[in-house]
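What follows is the residue order along each chain.
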Amino acid sequence: IATFVTMGWLIATRAARGAHRTDDRPQDVVAAAIVDDGRVLLAQRAHPAELAGKWELPGGRVESGETHATALTREIREELGAEIEVAGRIGAEVTHPNGLMLYAYRARLRSGTPAALEHLDMQWFSADELRRLDLDDVVPADRDWIPELCAVLDDA
Ligand code: 9L3
Ligand code: MG
């Protein structure tokens with residue numbers, strides 16, 4: 001019986017380890033700064049409750065086997081129904097309190113018209129509109145990206 005108890009314990013602890021990715025390297029989240037006509041697209045999160053109504057650069061988790069670019073292209077297709085071309089990084093990576101690592105990338109629209117399929121709303125922001133945005137209305141993880149976004153739009 002001791003053998004069976006030990007086997008059960010081994011299986012249970014391994015299953016628990018597999019379920020908690022935080023035991024591995026941090027999971028990557030990618031976000032897109034889609035710039036068009038001198039403006040950047042921000043989307044208003046629908047969930048979780050503490051982030052609902054706050055603006056973010058749209059995107060999501062990188063799944064196994066994906067590059068940052070393929071994950072971001074998939075996320076924008078799912079969230080906004082548009083095809084993008086991913087360019088270089090913008091801003092510094094952000095370490096999320098829950099262990100996620102966030103990376104922002106510049107992107108251009110290839111086809112389709114973005115729509116808030118999974119967000120409460122979306123809006124194109126000029127540099128001036130970004131500077132007037134109350135940071136309390138921005139997802140905390142994305143706040144540090146705003147100054148560099150303004151600089152990119154000033155150059156665009
Ligand atoms: N997150 C923060 N800022 C962003 C994005 C796209 C995501 N610009 C955070 C919110 C969630 C996690 O990363 O805690 C996963 O994002 P999602 O898959 O819920 O979009
Ligand atoms: Mg998302």
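Note that this is a predicted model, so its numbers are computed, not measured.

**Some points on the overall build of the chain**
Thought 1: Along the backbone of the chain there are 4 helices and 7 strands.
Thought 2: In sequence order, the chain lays out its α and β elements as α-β-β-β-β-α-β-β-β-α-α.
Thought 3: Here the chain, with 156 residues, has 40% of them falling under the buried criterion.
Thought 4: Relative to all contacts within the chain whose residues are 6 or more apart in sequence, the contacts with residues 24 or more apart total 66%.
Thought 5: With the model as given, the accessible surface of the chain reaches about 9000 Å², and the carbon-plus-sulfur share is 52%.

**A short note on the pairing of strand S6 (residues 101-111)**
Each regular strand carries side chains that alternate between the two faces of the sheet.
Thought 1: Judged from the 7 bridges that link them, strand S1 (residues 28-36) and S6 form a sheet pairing that is parallel. What sits directly across from Asp28, in S6, is Met101.

**Some points on the site of ligand 1**
Thought 1: What surrounds ligand 1 is the set Val29, Ala31, Arg45, Glu56, Leu57, Gly59, Gly60, Arg61, Leu100, Leu102 and Asp142.
Thought 2: Asp142 places a side-chain nitrogen or oxygen 2.7 Å from a nitrogen atom of ligand 1.
Thought 3: For ligand 1, whose free accessible area comes to 440 Å², the fraction covered by protein is 87%.
Thought 4: Every element with two or more residues in the shell around ligand 1 is listed here: S1 and strand S4 (59-61).
Thought 5: It is S4 that contributes the most residues to the shell around ligand 1, 3 residues altogether.
Thought 6: Of the residues in the shell around ligand 1, the class split is 5 nonpolar, 2 polar and 4 charged.

**Examining helix H2 (residues 68-80)**
Thought 1: Between its first and last C-alpha, H2 extends 17 Å over 13 residues, near the 18 Å set by a 1.5 Å rise per residue.
Thought 2: Those residues of H2 lying buried are His68, Ala71, Leu72, Thr73, Arg74, Glu75, Ile76, Glu79 and Leu80.
Thought 3: For H2, the elements touching its buried residues are S1, strand S2 (39-44), S4, strand S5 (83-95), S6 and strand S7 (121-125).
Thought 4: Among the residues trailing H2, Gly81 stands out with phi positive, at a value near 65 degrees.

**What about unusual backbone geometry?**
Thought 1: Cis geometry is found at the peptide bond from His47 to Pro48, where omega equals -10 degrees.
Thought 2: On the secondary structure map, Pro48 appears in the loop between S2 and strand S3 (55-56).
Thought 3: Here Asp37, not a glycine, exhibits a phi torsion of approximately 55 degrees, which is positive.
Thought 4: By secondary structure assignment, the location of Asp37 is in the loop between S1 and S2.

Definitions and limits used
- Residues numbered from 1 in each chain as written.
- Chains lettered and ligands numbered in written order.
- Predicted model: local features only at pLDDT ≥ 70, side-chain atom pairs only at ≥ 80, totals over all residues.
- Heavy atoms only, no water.
- Helix = DSSP H or I, 4+ residues; strand = E, 2+ residues; numbered from the N terminus.
- Buried < 20%, exposed > 50% of the residue type's maximum accessible area, 1.4 Å probe, protein only.
- Contact = heavy atoms within 4.5 Å.
- Areas by Shrake-Rupley, 256 points an atom, 1.4 Å probe, with all protein chains shown as cover.
- Pairing = 2+ DSSP bridges.
- Near = heavy atom within 4 Å.
- Polar contact = N/O pair within 3.5 Å; in protein donor to acceptor, adjacent residues only side chain to side chain.
- Nonpolar A, V, L, I, M, F, W, Y, C, P; charged D, E, K, R; others polar.
- Expected span 1.5 Å × (residues − 1).

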